Structure formats: structure tokens, C-alpha cells
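Structural description and commentary
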Amino acid sequence: MTSASLPASLLLAMAAVAAGSVLLQGQSSVPSERELDAMIARFEPVDIRADISHLAANERRALAKLVDAARVMDAIFLRQVWAGNETLLLELLEDRSPLGEARLRYFLINKGPWSRLDHNRPFIPGVPEKPEQANFYPPDATKAEIEAWLKGLDEQESARARGFFTAIRRTAPGSTQPFEAVPYSLVYQPELTLAATLLREAAAETSQPTLKRYLETRADAFLTNDYYESDVAWMELDASIEPTIGPYEVYEDEWFNFKAAFEAFITVRDDAETAKLERFGGLLQEIENNLPIDPAFRNPALGAMAPIRVVNVVFTAGDANRGVQTAAFNLPNDERVIREKGSKRVMLKNVQEAKFNGVLVPIAQVALAPADRSKVSFDAFFTHILMHELMHGLGPHDITVNGRKTTVRQELRETYSAMEEAKADVSGLWALQFLVDRGELPASLAASMYDTFLASAFRSIRFGVNEAHGRGVAMQLNYFLDQGAVRVADDGTFAVVPDRIREAVTSLTREIMTLQAHGDYARARTMIETLGVVRPEVQKVLDRLTGVPVDIAPRFTTPLD
Ligand code: ZN
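An account of the accompanying structure is given in this report. (Residues numbered from 1 in each chain as written. Predicted model: local features only at pLDDT ≥ 70, side-chain atom pairs only at ≥ 80, totals over all residues. Heavy atoms only, no water.)

1. Focus on the overall build of the protein chain
The secondary structure content of the protein chain amounts to 22 helices and 15 strands. Principal-axis analysis of the C-alpha atoms gives the protein chain an extent of 70 × 55 × 50 Å. Here the protein chain, with 561 residues, has 58% of them falling under the buried criterion. Restricting to contacts in the protein chain with at least 6 residues of sequence separation, those with at least 24 account for 74%. In the structure as shown, the protein chain presents an accessible area of about 23,300 Å², 51% of it carried by carbon and sulfur atoms. Taking the average location of the 60 positive side-chain charges in the protein chain and that of its 77 negative ones, the two points are 2 Å from each other. (Helix = DSSP H or I, 4+ residues; strand = E, 2+ residues; numbered from the N terminus. Buried < 20%, exposed > 50% of the residue type's maximum accessible area, 1.4 Å probe, protein only. Contact = heavy atoms within 4.5 Å. Areas by Shrake-Rupley, 256 points an atom, 1.4 Å probe, with all protein chains shown as cover. Lys, Arg positive; Asp, Glu negative; His and termini not counted. Charge placed at Lys NZ, Arg CZ, Asp CG, Glu CD.)

2. Quick word on unusual backbone geometry
Here the residue pair Leu-331 and Pro-332 is connected by a cis peptide bond, since its omega of -5° sits within 30 degrees of zero. Note on placement: Pro-332 falls in the loop between β9 (328-331) and α13 (335-341). With phi around 55°, Lys-111 is a residue other than glycine that occupies positive phi space. Its location among the elements puts Lys-111 in the loop between α5 (98-110) and β2 (114-115). Looking at Lys-111, the relative accessible area reads 8%, which means it is buried. In this model, Asn-257 sits at a positive phi of 55°, which is unusual for a non-glycine residue. By the element assignment, Asn-257 lies in the loop between β6 (241-247) and β7 (262-269).

3. Observations concerning the sheet that holds β6
Taking strand neighbours across the sheet as the criterion, the five strands line up as β6-β7-β8-β10-β9 in an open arrangement whose pairing is mixed. Taken across any chain shown, the strands that pair with only one partner, and hence form the sheet edges, are β6 and β9. Strand-to-strand, the axes of this sheet are offset by a mean angle of 35°, without reference to chain direction. The sheet contacts of helix α3 (residues 57-81) involve β6, β7 and β8 (308-318), and relative to β7 the element is tilted by about 155°. (Pairing = 2+ DSSP bridges. Axes fitted to C-alpha atoms, helices over the stretch in contact; angles between N-to-C directions.)

4. Description of empty space enclosed by the protein
The rolling of a water-molecule-sized probe over the atoms marks out the regions of remaining empty space. Under the criterion given, the structure shown has three cavities of 30 Å³ or more. For the second largest cavity, the calculated volume is near 60 Å³. Phe-164, Phe-165, Asp-231, Pro-247, Tyr-248, Pro-332, Asn-333 and Asp-334 together form the lining of the second largest cavity. For the lining of the second largest cavity, a count of residues per class yields five nonpolar, one polar and two charged. (1 Å grid on protein atoms, 1.4 Å probe; cavity = no way out; pocket = protein on both sides within 12 Å on 5 of 7 lines; lining within 4 Å. Points joined across faces, edges and corners; volume = space filled by probe spheres on them. Nonpolar A, V, L, I, M, F, W, Y, C, P; charged D, E, K, R; others polar.)

5. Things to note about the packing of helix α14 (residues 349-367) against helix α18 (residues 443-462)
Contact geometry for α14 and α18: axes closest at 9 Å, N-to-C directions at 105°. The orientation of α14 with respect to α18, classified from their angle, is roughly perpendicular. Residue-level contacts link Lys-355, Phe-356, Val-359, Leu-360, Ile-363, Ala-364 and Ala-367 of α14 to Thr-452, Ala-455, Ser-456, Phe-458, Arg-459 and Arg-462 of α18. Its residues assigned to classes, the contact of α14 with α18 comprises eight nonpolar, two polar and three charged. (Parallel < 35°, antiparallel > 145°, perpendicular 65-115°, else oblique.)

6. A short note on helix α6 (residues 143-151)
Regarding α6, the residues found buried are Ile-146, Trp-149 and Leu-150. Within α6, the buried residues cover an arc of 100° as seen down the axis, which keeps them to one side. Relative to its buried face, α6 has exposed residues pointing more than 90 degrees away, namely Ala-144 and Lys-151. Against α7 (155-162), β4 (166-170) and β5 (179-183) lie the buried residues of α6. (Arc of directions from axis to C-beta.)

7. With respect to the nonpolar core
One finds Met-73 and Phe-222 to be the most contacted residues of the largest nonpolar core, which totals 102 residues. For Met-73, the contacting residues outside a window of four places in its chain are Ala-195, Phe-222, Ile-245, Gly-246, Phe-262, Glu-263, Ala-264, Ala-317 and Gly-318. Membership of the second largest hydrophobic core comes to 84 residues, among which are Leu-441, Met-449, Ile-461 and Val-505. (Core = buried A, V, L, I, M, F, W, Y, C linked by side-chain atoms within 4.5 Å.)

8. Some thoughts on the pairing of β9
Residues of β9 alternate between two faces, with Phe-329 and Leu-331 buried on one and Ala-328 and Asn-330 left unburied on the opposite face. Across four bridges, β9 lies against strand β10 (residues 344-348) in antiparallel orientation. Paired with Phe-329 across the strands is Val-346, a residue of β10.

9. Section: the environment of Ala-301
Relative to the helices and strands, Ala-301 is located in the loop between α12 (271-289) and β8. Residue Ala-301 is classed as exposed on the basis of its relative accessible area of 57%. Expressed as a C-alpha distance, the spacing of Ala-301 and Thr-224, which sit 77 residues apart in the sequence, is 42 Å.

So far we have only geometry, and geometry alone does not tell us how the molecule works.
Pasting the structure below:
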């Protein structure tokens, strides 16, 4: 049994530090209790639960050990974000006033005293601005100092200093170098030793060979700091339990994106969705052969599909559980592993479902015409996300422009991501309709997927059009409006126009894929500039979403006994 109220990891974190005050005399303005309550209310509390009834007793014991190991990632991540985090947490735990409890709650959501949804605004008095270098570099170093030091290093030292799995620390006085790269296995030795032990205990329980291998090699990696073999083992995982645990994403290092933050996703495979994916996989060539583009742009022999796993979360920790929740990820990030083994996409179905219920359904109540609201369905939402992922592999990629071999990515430059995201979305709708028409999918899907997509468009645009996905979605919505495939009623609500949406989806799919096939940067740029914007009628809906949660705050309630 797990609970988000006071994770054991935090007790661990508490034990790891000596008490000492980091609360200086605060003069900057921090949110009042009321303001803080409103900030917290943006995260809808939800239960995240996975069905594990099909797991044998030994596999369940392995799962419980993995959750224990994951808790250790919370403790490490807190310290990676900021050296003062653990001490501050101890102080917050002492304050039982309503304001103190709200601060603790929001600290746990953000894994630190800065509100990640509000450009890292501090919400606890006396704390500094959020350090961009996190705790990966010395707190008193400047970015310029580190850059100058990096320049002077030889190739091998430089690779170590820029590596995922080292922290940069000041050397002892008298050293020839101002800084040194210290391996995570030393920086977090007590925690990683404990985590390695728990992974080995889990490995001893499971009877699934690929899982055993990942857990054993990952336990070794925690102690040797060499993650290669365990990354390979993770790519080869084929088991009912699908854990991802260790240092992975580099976003928390806002200076250089070099340093990996610790996290854990402890999940179980969703067999029904995995079967659905396999079925779609078998239809991809047929979809490609029928894409609504010049046949010369179609790929007659698609390569192997990149691996995708659909899983349900039992527990997440560290970088995987802070601020806005991760709904899907691609790993590993190590180029060497990607070259040799590729990378894998993992989609967290029960997290997606919680977001759907907690955020998308309330958005639909505001954004859609009353008659269409009940058409919004999770099945349509999730099936479209699956198809979106698959469609990234279809359409033009390697292209020829003026006799020169190149790629869509190279030619479209900074417009590439927004275009490619819009392509995957809109051609995903096109492909689902194609499969419905072929009788491969039920007609009920076609009856709900356009309305579901429309509601989810507002969710994406709400996160901003400065980021590729939001911009790509705004482009589609405005295109549909211009085509008369979506209309705005007098009361400001939006509705799909059933007679026109199919044609608009087809023509936008054609338009984007054709400009990709031509590597037409100018056209991409024009489309993004004219369509990738928030129009007044869309802004009006966004303004009415103030009371709707932005994301979820998970409580992990899978019974592990
Ligand atoms: Zn995508």
C-alpha cells in the first residue's frame, strides 16, 4: 500500500540531513494561504491504481520491493534540485498550521519551494530564486566559470564532466583544477547502495528473465556508475512488470542539460492495449499505401516499428513525480544505446485516464457545445494518442530537394517539431477514420474522436503555443475553423461540423505531408505564423477555464500486500 501524504522517501531524506535553518528573514512576497490554496487546487487529487490481480505472488513481492527502491529516488531527486531542500522539508514538517500544511503540500507537488507552473515563483519565505544549475554544479559557481573550465579539459575529462552521471564540485584548495566531476555512485552512495539492494531483492523474487536482468544490471550500475548494460537490458524488457528507475532526464539542469535527474516509474504492462498496438502495427503499411498524398511520396517499405509499451503506473518518484505529471516518455537518452538498440516509448495509460477525467472532461463542459459534451470518451482519446505515436513513423522523412538527399527535420529547421506534431495528430485522425471505414475499428470511435480531439485541443493550447505540441494543435484548430469544419456558437462554445470535418482532416494531412515531402521551409513558416496562434474566440474559452484543474496530483493506491 502506498500513499502520497508522507512518502517514506521523505523520512529517508529527513534522516539523511542534519537539521539547520534555511529559513532566512523573508522579505520577498510569497503567496498568502488563500493564494496558495488556489495554486494547489490546479492539481486535481486523483487515485492512480493498476490492476495487478494477474500477477503471481512472487511477482507482487518483486513489485513491492521496486516501490521501496523508487522511494529512494525521491530522496535523491530532492537533493539534486537544491541542496537546501531536505533541511527545508524538515522545517515544513514541523509547522502544523493550515498555512504550514499548504506549504508542505505544495512543496511535495513541486519537489521544492518553487512553483513550477508559475515560472518557478518561490512560495516559501526566505528561499532564494530557483538555481538554474540545480545542485549539479557548485552553488557559488557561475555558468561562465564552468564553461571556461570545460574548455580547458582534454577529451576524456570533458566527456566525464559533460556526462549524464557526474556532479560538478569544487576541488580542495591547492588543486590544479577549480572543479572536478564526481560520479553519482559517490555523490549519492548511501542512497544508491540501498536502492541497489532493493533491486537485487526484487530480482531474486521475479521469475521473468528479462526483468531479472534489468534489475541486476541496474543495481550494478548504481554502484559502478556505468549504465550502458542496464540501458540495453531495459530496451530488451519483456515482462508483466515494467520498471524504469535511475538517472534519466536532463531538464532539471537548466544550464547545460548535461546532468540526469533520478526518477522511477514502477508500472505493469497493459495487455489489452499492447494487443491493440500490435494489431495497428500490422496495418501500418496499408495506411501508408493509402495516405492522401502524391503516391510518389509514400514509402513502399516501412521499416520496423519503434517499440512502444502501454503500461499502468503503480508508483512514480523523483523527477517522474513533480509538477505536471508525465503521461508518456521516450528513453534512454544515451546516444550510444540509441544507435545500437534504438529507444522505446512508454505510455502511462492510467495516468492519461486520470488526466482525461480530471482535466479534459471539465474542459469539454466549458469548451464544447452542450450536445457534444457526452461524446468525449477516454477510449477515443487514448486510441488517438496511440495512433499519433505510430503516425510519427509514417509519411515523408528522408527526402530529396533539388537532387540533394536530406531529411524533413533538416529542411524544416525550427518549424519541424510543431509541424511533425500537427502531422501526427491530424494524420492520426485520418488513419483512425480509414480503419473505421475498413471495418477494423468500430463506428462508435468515429462518432466520438473528433469531439474528443476538439476538447483536448483546448487542453494543449492552454499549456501555451510556444511549445511544439501546443503550437501544432493551435494550427489544426484554426485550420478547421477556416475550413468550416469547426464552428463557434453565439455562446462561445465550439462544435465539430460533422459534414465537413473528414474533408478538412484529409486536406490538412495532405497539406502538411506535402510540404514535408518538398522540405518547404517557407511554407511551413507561413503556416505556423498564421495558424499557430491563439485567436480571440479561442482565448475566450481559455479565459473561462480558470476554475478547471491544470493537471493531477496522484495518490498511488495499488494494493501491494
Ligand atoms: Zn508526438
